Amino acid sequence: MRRHVLAAAVSGFSLLAAVPALAQQADELDTTPEENAGVTDASTPAAESVTDQIVVLGSRIPRTQVEGPAPVTTITADDILKQGYEDIPALMRSLTQNVGSTQSTQSYGANTFTPGAKQVDLRGLGPNHTLVLVNGRRVADFPMPYSGNSNVADISNIPIGLIERVEVLSGAASAIYGSDAISGVVNFQLKEKADGTRIDLQLGGTERGGGAYQRASLTTGWNSDSGKLTTLFGAEYRNQEPIWGYEREIQDSAADNPTTDEPVALRNFLRTDEYYSYLDPGASTCAGLSQLNEGSTFYASRDGFGWDVDAGDYTTGYFCGSNEAMGYGMIQSDWEGINLFSSSTYEINSQVELFLDFQGGYFDTQVFNGFKSWYYVAPDGNEEGTFFNPNHIGLYETYSWLQLDNWYRLFTPEEIGGFENGTITNRSYTLNVTPGIRGHFGEGNSWNYEVYYNHARYISEMAWPEIVIDAANDFFLGAPVDDPNNTTGYQRFDADPARLYTPLTPAEYRQISADTIYEPETWVHNVQASVSTMDLFELPAGPMGFAAVAEASTQGYEINPDPKALTQYYVGIRDSDGEGEREHYGVGGELLIPVFDFLDINAAGRYDHYSYADNDFGEFTYNLGAELRPTDTLLLRAAIGTGFRAPDLHYVYRGQGTVNGSGADYYTCRTSESAPEPTDCVNDYWEGFVNQRGGNPDLLPETAQSISAGFVWAPFDNFDISVDYFRIEMEDQVLNLSVDQLLRDEADCRLGQTFDGTPVDASTPTCIDALERVDRYASGALAGEIQYVDVLPINVAEEFTDGIDVEVNGGFSLGEYGDLSMGAAYTYVFDHTIQQYPGDPVIDQFEPAEGYEIPREKGKAYLTWSTGPFSTTLTTLYTGEMTNWNWDDKIDDSYWFYLSAQYQVTDRARLSVSINNLLDSNPVEDPTHASYPYYNSSWYDSVGREFYVQLSYKFGGEAL
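On a predicted model such as this, the values are computed, not experimentally measured, just so you know.

Draft legend 1. Region of interest: the overall build of the protein. Each helix and strand in the protein was counted, giving 19 helices and 48 strands. Here the C-alpha atoms of the protein give a radius of gyration of 30 Å, agreeing with the 30 Å that 2.2 N^0.38 yields for 960 residues. Reported as C-alpha extents along the three principal axes, the dimensions of the protein are approximately 100 × 60 × 50 Å. Across the 960 residues in the protein, those meeting the buried criterion constitute 59%. A separation of at least 24 residues holds for 73% of the contacts in the protein among residues at least 6 apart in sequence. If you sum the accessible surface of the protein, you get close to 36400 Å²; carbon and sulfur atoms cover 53% of it.

Draft legend 2. Looking closely at the packing of aromatic side chains. Applying the stated criterion to the full structure yields 45 aromatic pairs. An angle of 55 degrees between the planes, with centres 5.3 Å apart, marks the rings of Trp-244 and Phe-368 as tilted. Taken as a pair, Trp-244 in strand 11 (residues 243-244) and Phe-368 in the loop between strand 17 (352-367) and strand 18 (373-375) lie far apart in primary sequence, 124 residues in all. Here Phe-368 falls in the buried class, since its relative accessible area comes to 0%. Geometrically, the ring pair formed by Trp-244 and Phe-419 is edge-to-face, given 5.2 Å between the ring centres and 70 degrees between the ring planes. Linking Trp-244 in strand 11 with Phe-419 in the loop between helix 11 (413-416) and strand 21 (424-441), this pair joins segments that are 175 residues apart in sequence. Phe-419 matches Trp-244 in its accessibility class, with the two residues each being buried. Pairwise contacts between aromatic rings join Trp-244, Tyr-246, Tyr-328, Phe-368, Phe-371 and Phe-419 into one cluster. Above the ring of Tyr-452, the side-chain terminus of Arg-137 is found at 4.2 Å from the ring centroid.

Draft legend 3. Spotlight on the sheet that holds strand 4 (residues 130-134). A sheet is described by the order of its strands in space; here five strands give the open sequence 3-6-7-4-5, paired in mixed fashion. Across the chains shown, the open sheet's two edge strands, defined by having one partner strand only, are strand 3 (73-76) and strand 5 (137-138). Strand direction decides the pairing type here: strand 4 and strand 7 (residues 184-190), joined by five bridges, are parallel. Bridging from a neighbouring strand, Leu-131 pairs with Val-185 of strand 7.

Draft legend 4. The nonpolar core, seen in detail. The biggest cluster of nonpolar side chains holds 36 residues, and the ones touching the most others in it are Trp-374, Trp-407, Phe-411, Phe-476 and Leu-477. Of all elements in the fold, only strand 18, strand 20 (404-410), helix 12 (469-477) and helix 14 (506-512) reach the threshold of two or more residues within this core. Of the residues forming this core, the biggest block, five residues, is contributed by helix 12. In terms of nonpolar packing, the next biggest core, distinct from the first, is built from 35 residues, Leu-91, Val-132, Val-139 and Ile-155 among them.

Draft legend 5. Molecular detail of helix 18 (residues 739-751). With 13 residues, helix 18 extends 18 Å from end C-alpha to end C-alpha; this agrees with the ideal 18 Å at 1.5 Å per step. Those residues of helix 18 not exposed but buried are Val-739, Asp-740, Leu-742, Leu-743, Arg-744, Asp-745, Glu-746, Ala-747, Asp-748 and Cys-749. A positive phi of about 80 degrees marks Gly-752, the residue just after helix 18.

Draft legend 6. Inspection of the sheet that holds strand 38 (residues 786-790) at higher detail. Across the sheet, five strands lie side by side as 28-33-34-38-37; this open sheet has mixed pairing. The outermost strands of the open sheet, each flanked by one partner alone, are strand 28 (573-574) and strand 37 (774-776). Pairing of strand 34 (residues 686-693) with strand 38 involves three bridges; the strand directions are parallel. Counterpart to Gln-692 in the pairing with strand 38 is Asp-790. In the packing of helix 18 onto the sheet, the strands contacted are strand 33 (657-664), strand 34, strand 37 and strand 38, and the crossing angle to strand 37 comes to about 65 degrees. Lying over the sheet, helix 19 (residues 765-773) contacts strand 37 and strand 38, oriented at roughly 45 degrees with respect to strand 37.

Draft legend 7. Expanded view of the packing of helix 18 against helix 19. Running from N to C, helix 18 and helix 19 point in directions that differ by 110 degrees, and their axes come no closer than 8 Å. Here helix 18 is positioned roughly perpendicular relative to helix 19, judged by the angle of their axes. Considering only the axes of helix 18 and helix 19, their crossing is left-handed. In this structure, helix 18 contributes Leu-742, Asp-745, Glu-746, Cys-749 and Arg-750 to the contact, and helix 19 contributes Thr-766, Cys-767, Asp-769, Ala-770, Leu-771 and Arg-773. Each residue belonging to the contact of helix 18 with helix 19 can be placed in one class, and the counts come to five nonpolar, one polar and five charged.

Draft legend 8. The arrangement of the pattern of salt bridges in detail. Across all of its chains, the model carries 36 salt bridges by this definition. Salt-bridge contacts for Asp-78 lead to Lys-82; the nearest nitrogen and oxygen are separated by 3.3 Å. One end of the pair, Asp-78, and the other, Lys-82, are both in helix 5 (residues 77-83), four residues apart, so they sit about a helical turn from each other. Among the residues examined, Asp-78 registers a relative accessible area of 24% and is labelled partly exposed.

Draft legend 9. Up close: the state of the cysteines. Under the criterion given, the structure shown has three disulfides. Linked covalently through their sulfurs, Cys-749 and Cys-767 form a disulfide whose S-S length is 2.0 Å. One quick way to see it: the torsion about the S-S bond of Cys-749 and Cys-767 is about -80 degrees, and its sign makes the bridge left-handed. Highlighted residues: Cys-749 in helix 18 and Cys-767 in helix 19, separated in sequence by 18 residues.

Draft legend 10. Representation of the side chain of Arg-910. In this structure, Arg-910 sits in strand 47 (residues 909-916). It turns out Arg-910 is buried and unbridged, and the closest side chain with the opposite charge, Asp-78, is 4.9 Å from it. Each residue touching Arg-910, except ones within four places of it in the same chain, is listed here: Leu-81, Arg-198, Gln-902, Tyr-903, Gln-904, Val-905, Gln-950, Leu-951, Ser-952 and Leu-960.

Draft legend 11. How the structure looks around the confidence of the model for the protein. Within the protein, residue pLDDT values average 88, and 90% of them lie at 70 or more. For the stretch residues 1-51, pLDDT sits under 50, and the model shows 159 contacts to residues farther than four places along the chain or on other chains. With pLDDT under 50 throughout, residues 394-398 is counted as low confidence; its partners more than four residues away or in other chains account for eight contacts.

Draft legend 12. View of helix 19. Those residues of helix 19 not exposed but buried are Thr-766, Cys-767, Asp-769, Ala-770 and Arg-773. When helix 19 is viewed along its axis, its buried side chains cluster within an angular range of 165 degrees and face the same direction. The secondary structure elements touched by the buried residues of helix 19 are helix 18, strand 37, strand 38 and strand 39 (793-813).

Draft legend 13. Main features of unusual backbone geometry. Across the junction of Tyr-932 and Pro-933, the peptide omega takes the value 10 degrees, indicating a cis bond. Note on placement: Pro-933 falls in the loop between strand 47 and strand 48 (946-955). Its identity as a non-glycine residue notwithstanding, Ala-613 has a phi of 45 degrees, on the positive side. Structurally, Ala-613 can be placed in the loop between strand 30 (599-612) and strand 31 (615-631).

Draft legend 14. The arrangement of the pairing of strand 32 (residues 634-645) in detail. One ladder, built from seven bridges, connects strand 31 with strand 32; its direction is antiparallel. Note on strand 32: the bridge partner recorded for Leu-628 is Leu-636. Here strand 31 hands over to strand 32 after two residues, the two strands then running antiparallel side by side. Relative to strand 35 (residues 702-716), strand 32 is paired through twelve bridges, and the arrangement is antiparallel. Residue pairing across strands places Arg-645 opposite Glu-702, the latter belonging to strand 35.

Draft legend 15. Main features of the pairing of strand 10 (residues 229-240). By the bridge criterion, eleven bridges tie strand 9 (residues 213-223) to strand 10 in an arrangement that is antiparallel. Looking at strand 10, one finds that Asn-223 is bridged to Thr-230. Between strand 9 and strand 10, which pair antiparallel in sequence order, lie five residues; one of them, Gly-227, sits at a positive phi of approximately 80 degrees.

Draft legend 16. Looking closely at a negative patch on the surface. Judged by side-chain charge, Glu-881, Asp-888, Asp-889, Asp-892, Asp-893 and Glu-925 come together as a negatively charged surface patch. Summarising the element assignment, Asp-889 is placed in the loop between strand 44 (882-883) and strand 45 (890-891).

What counts, and at which threshold
Numbering of residues starts from 1 in each chain and follows the order in which that chain's sequence is written. Residue-level local features of this predicted model are given only where pLDDT is at least 70; pairs of side-chain atoms are given and counted only at 80 or more, and the full residue set underlies all totals for whole chains, interfaces and linings. Only hydrogens and water are removed before side-chain values are computed, so all heavy atoms of the structure are retained for them. Secondary structure follows DSSP: runs of H or I at least 4 residues long count as helices, runs of E at least 2 residues long count as strands, and numbering of each begins at the N terminus. Put simply, the radius of gyration uses C-alpha atoms, and a globule should come to 2.2 Å times the residue count raised to 0.38. Think of it in three bands: residues with accessible area under 20% of the maximum for their type are buried, residues over 50% are exposed, and the middle band is partly exposed, with areas taken using a 1.4 Å probe on protein chains only. Residue contacts are defined here by distance: any two heavy atoms, one from each residue, within 4.5 Å place the two residues in contact. The Shrake-Rupley method, run with a 1.4 Å probe sphere, supplies the accessible areas, and residue values consider only the shown protein chains as cover. Each pair of aromatic rings taken from Phe, Tyr and Trp, with Trp reduced to its six-membered ring, is defined by centres within 6.5 Å and is described as stacked if the planes are under 30 degrees apart, edge-to-face if over 60, and tilted in the remaining cases. To sit over a ring, a charge needs its Lys NZ or Arg CZ within 6 Å of the ring centre and within 35 degrees of the ring normal. DSSP bridges decide pairing: two strands pair if at least two such bridges lie between them. For the purposes of this section, nonpolar cores are sets of buried Ala, Val, Leu, Ile, Met, Phe, Trp, Tyr and Cys residues that join through side-chain atoms within 4.5 Å. A helix is expected to span 1.5 Å multiplied by its residue count minus one. To obtain each axis, a line is fitted to C-alpha atoms, and for helices this fit is confined to the stretch in contact; angles are then taken between N-to-C directions over 0 to 180 degrees. For classification, angles of less than 35 degrees are called roughly parallel, those exceeding 145 degrees roughly antiparallel, those between 65 and 115 degrees roughly perpendicular, and all remaining angles oblique. Rotating anticlockwise by less than a right angle from the far helix to the near helix defines a left-handed crossing, while the corresponding clockwise rotation defines a right-handed one. Under the grouping applied here, Gly and all other residues not named as nonpolar or charged are polar, the nonpolar ones being Ala, Val, Leu, Ile, Met, Phe, Trp, Tyr, Cys and Pro and the charged ones Asp, Glu, Lys and Arg. One side-chain nitrogen of Lys or Arg within 4 Å of one carboxyl oxygen of Asp or Glu is enough to make a salt bridge. Cysteine sulfur pairs qualify as disulfides if the two atoms are within 2.5 Å. Residues counted as positive are Lys and Arg, residues counted as negative are Asp and Glu, and His and the chain ends are not counted. pLDDT is a per-residue confidence score from the predictor, ranging from 0 to 100. In this description, the arc belongs to the directions extending from the helix axis to the C-beta atoms. Patch criteria: residues need more than 30% relative accessible area and no salt bridge. Like-charged residues are merged within 9 Å; nonpolar side chains of Val, Leu, Ile, Met, Phe, Trp and Tyr are merged within 5 Å. A charge is said to be at NZ when it belongs to Lys, at CZ for Arg, at CG for Asp and at CD for Glu.

Laid out in structure tokens, this is it:
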């Protein structure tokens, strides 16, 4: 990775939708990494010889300077190979600016909404605020909403073997690229030149087992006899086999839980009373189930979860469960896909050419999140699972007030007929087609233009198993009994507990389950025209640059869910539908003004207008940057910009629905206990309830302000350093309110004080809102318990982050012993805060008690040694401390090492070997992490050491 090399600056062409002449000029400038080493700004001697115009990422104007006013990171195909990244998500995780917590294969709840999808989250402001482009074109969002909420781009299916480079601009760039570039822009540029035929074959696997990997990619091209028609074609096939939790010792059993002295088994067969105290099934009952869970089911216990009626005290609770069944989930998904792309141009004459870009893919993802469960769901939708059952034989027959029952079943591999019958399947198709025309005009062809139409679409068919409420209730409990003497407030069933402890056959499981099938899709239609020149007119310090752009687009989505999932049909879910469009147009302009020989000013302005849900919003945004070069080796730069972003479509158009939720009942905890701590409430008053969700058509657009300032210093040809400060402030950000925060606020507002005794005014906006959103049963057997929490999206007042990025690159010769090159990048975040409403307390996201699991620091460093046909690279990734699972402290920082080597067998063949996680390190330990997999799976995994071997071969064209 080099931020300041010449090739990095040239790479901005596709991202900026510039004109064809620039691509040719960029090719002429392209040099090897060794030739580029240490080049940081166009005023250095190496750059002074460059007379062709180039395009710098972060501007639409062709220019002769290699650096712009905002810092840009470029990762080349050579970097990807040397640093050993097996896919795009792994590459993006290495970025120090990518500090947001996104979903992984083990994000089991999130994977129900977006199975297999991966995201990039620059500056930790949410993945929906990072603009993702492929070949400079917009891509369609993943067709299901991220975590059931926002629309985001999926980077998991971008073909890493076909990447030419990745360009990253972190910071607001709305005035340049459009209103949705709030926290930055990432462009994945695929191969650009047809130069013979290249084949890459890669095989990989893990030392600990599972996860076998195969990849094959091909790039080729051809020209017509007349030379007017040129075509570049690429294809990639990739297959990633799964890794299961039971294949890793640190998470293959409940015994791996660091918070318990004795394992707490997974509860496959559980019966409790009204207060969720376990009812003893008896050792012989569990012995009759011992063949389940691959022979691991046993008579299990949990201290303090039983109830001795006569003594009136807690005792040991018993159930039938398994320690090993805890590992029945994937660490890494089963993924197979193929990508195709082509880029064709036809030259009409020396000034005009037609072009057609095509990208398409098919992907099959299998994700396993564990087996489905059943519990009683009442006709009114209440999911606490309680029913009246006089058949407490031998237990509570003398205590009629205790004849309330709760049955819980977690199904096993044998009952469902194998793991494959519990898998979430996602078959997806992506398409991106861009026809257009581009060329030059004016004196000396100094003006460049491009007009294109872009159509992008993402279509999926997703299927996963669910338990059917009525069928399962009838199977386990029988028919409800109409009992006029029943005063408990719960439905009566005369249910024989033996039914709960009887294994199902696969045929019986099929009777109570069904696959729910969704067919979501998203699309974008975009027409864009741009024009640019580096010679608008001459100023004393040089020619003024100019660019203008106009675009119009329609963006839409529809979830197309299983209609039954929108009703109370499946256990644990009443989903939300979603369908809608928005129209958009934007116009903008940019000037590059040479004020003096050593000072350039870059100014851009843009107006964007959105129409959605009977709303019309428009706003002007601007970017203003300065580049000051007091010496040939020093660049001082600064930029300020504003952003404006329409709310995500699903936040606006989501239909009403519910999902199974849970949280700590802080109010009941604090009224029942004497001076409890928050962790006491989390541990002892965690309750299940319904989360109610819906869209909000009255949402306002989000706005942002961004500032960056820093310097680039290159005192030698083989050394450069850059330091840049960044600051982004968002207002009216759209978020679902945190359930935990709502429950904390509700308790504070009802009681008039916080945990530490700070007075709370119940008339504040936060209190009014929290008391409306947390609904409790007013009467009956459930009086006082939480019925539902309403988590509708709202415009949050403000989110703020600032920090510093540092990067160093250098190299030197060892004479006959070869050459060394090295680089390092480091991001330190000073502050990351959020304020829910004006006047509310400002929440520090690095304060453990607030529960945000993001690092303050990220770093990366590499060292490459080259000699003759051989080179090797050692890369280190660093992640700083993060909040622990218990939200009362921090977990340690971490270092991860990657080693790769390349050997040039011939000028046509190259062999590469890489080892990821060189030291076979485990995830950072968190002694408080009581939830499986017992570590922070958003940031870490237990894949362990990985090995990859790649053979590259070239037919025709230039040598490798």
